[in-house]
Amino acid sequence: MKYTMAFAAFAAFTALSPANAEVSAPGDPAKAQQLATSVCAACHGADGNSIDPNNPKLAGQGAHYITKQLTNFKSGDRKNAIMQGIVTSNNLTPDDMKNLGAYYSEQVEKPGKAKDKDLVAQGEKIFKGGNPGSGVPACAACHGPTGAGIPVEFPRLASQHGTYIYTQLNNFRLGIRANDGAKMMRTIAAKMTDQEMKAVSEYISGLQ
């Protein structure tokens, strides 16, 4: 029963998600290699494995998810001055964004490693079972028990930098990030405590 809330939220989200209605044709990873190396590598690494915990790992992420984020950065639906400047100044086209999504989805993510055992233990409980008392659903119900995500609908989380995960959860909670379908993540994050966010982020950083 612990996944009941999460499955209900998943059903609501997929029913309302534009991504669920139509999946665009895949991009060409070969066409994105030069762009990834010359533009994206400085922050995300040439193979998508960033070393800066503030910049997300892109390797192994779903192609559609990456394309959607780039599109949202360019339109302003997702706020980030650096990323908006990059997609705008480099005049990334819809095809460029699809190609980048395809390129990074084929890269191999380097495993992460959590550092705080106590936080990991707390985070594992929330990730797998949520917090029924506050209405926080299990992360695993949408992102999978190993954090692999569900292509098109939900991003891969496994081995992502904990610092980055925490920042995004907090941004959803504050409404700074608002490009989630049906306000799903904003609704969930609003119910989470700061401690829960830190614990989940730490657990995810070592999840493989």
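Relevant structure appears above.
These numbers come from a predicted model, not from an experiment.

K.L.:
What is the right way to read the nonpolar core from this model?
P.N.:
Phe-127, Met-192, Val-200 and Ile-204 are the most contacted members of the largest nonpolar core, which has 21 residues in total. Counting residues per element, the ones that place at least two in this core are helix 7 (117-129), helix 8 (140-143), helix 9 (162-174), helix 10 (184-189) and helix 11 (194-205). With 4 residues, helix 11 is the largest single contributor of residues to this core. Membership of the second largest hydrophobic core comes to 15 residues, among which are Leu-35, Leu-58, Met-97 and Leu-100.

K.L.:
Is there a simple way to explain the packing of aromatic side chains in this structure?
P.N.:
To describe a pair of aromatic rings, you give the distance between the ring centres and the angle between the ring planes. Under the counting rule described, the total for this entry stands at 2 aromatic pairs. Measuring from ring centre to ring centre gives 5.4 Å for Phe-127 and Tyr-203, while their planes differ by 55°; the resulting arrangement is tilted. Taken together, the residues Phe-127 in helix 7 and Tyr-203 in helix 11 connect sequence positions 76 residues apart. Judged on exposure class, the residue Phe-127 and its partner Tyr-203 are both buried.

K.L.:
Teacher, can you tell me more about the packing of helix 7 against helix 11 here?
P.N.:
The packing of two helices is summarised by the inter-axis angle and the distance between the axes. At their nearest, the axes of helix 7 and helix 11 sit 7 Å apart, and the two run at 95° to each other. One finds that helix 7 runs roughly perpendicular with respect to helix 11. Counting all contacts with helix 7, which are made through Leu-119, Val-120, Gln-122, Gly-123, Glu-124, Ile-126, Phe-127 and Lys-128, the residues of helix 11 involved are Gln-195, Glu-196, Lys-198, Ala-199, Val-200, Glu-202, Tyr-203 and Ile-204. Of the residues assigned to the contact of helix 7 with helix 11, the class counts are 8 nonpolar, 3 polar and 5 charged.

K.L.:
Quick question: what am I supposed to make of helix 9 here?
P.N.:
Because each turn of an α-helix spans 3.6 residues, side chains separated by three or four positions end up pointing in the same direction. Taking 1.5 Å as the rise per residue, helix 9 with 13 residues should run 18 Å; its terminal C-alpha atoms sit 18 Å apart, in good agreement. Every buried residue of helix 9 is accounted for by Gly-162, Tyr-164, Ile-165, Gln-168, Leu-169, Asn-170, Asn-171 and Phe-172. The secondary structure elements touched by the buried residues of helix 9 are helix 10 and helix 11. Just past helix 9, the residue Gly-175 takes up positive phi, approximately 80°.

K.L.:
Explanation requested: the side chain of Asn-171 in the structure shown.
P.N.:
Within the fold, Asn-171 resides in helix 9. Look at Asn-171 and you get buried, because its relative accessible area is 17%. Dropping the residues within four chain positions of it, Asn-171 is found in contact with Ile-176 and Arg-177.

About the cut-offs
Residues numbered from 1 in each chain as written. Predicted model: local features only at pLDDT ≥ 70, side-chain atom pairs only at ≥ 80, totals over all residues. Heavy atoms only, no water. Core = buried A, V, L, I, M, F, W, Y, C linked by side-chain atoms within 4.5 Å. Buried < 20%, exposed > 50% of the residue type's maximum accessible area, 1.4 Å probe, protein only. Helix = DSSP H or I, 4+ residues; strand = E, 2+ residues; numbered from the N terminus. Phe/Tyr/Trp six-rings, centres within 6.5 Å; stacked < 30°, edge-to-face > 60°. Axes fitted to C-alpha atoms, helices over the stretch in contact; angles between N-to-C directions. Parallel < 35°, antiparallel > 145°, perpendicular 65-115°, else oblique. Contact = heavy atoms within 4.5 Å. Nonpolar A, V, L, I, M, F, W, Y, C, P; charged D, E, K, R; others polar. Expected span 1.5 Å × (residues − 1).

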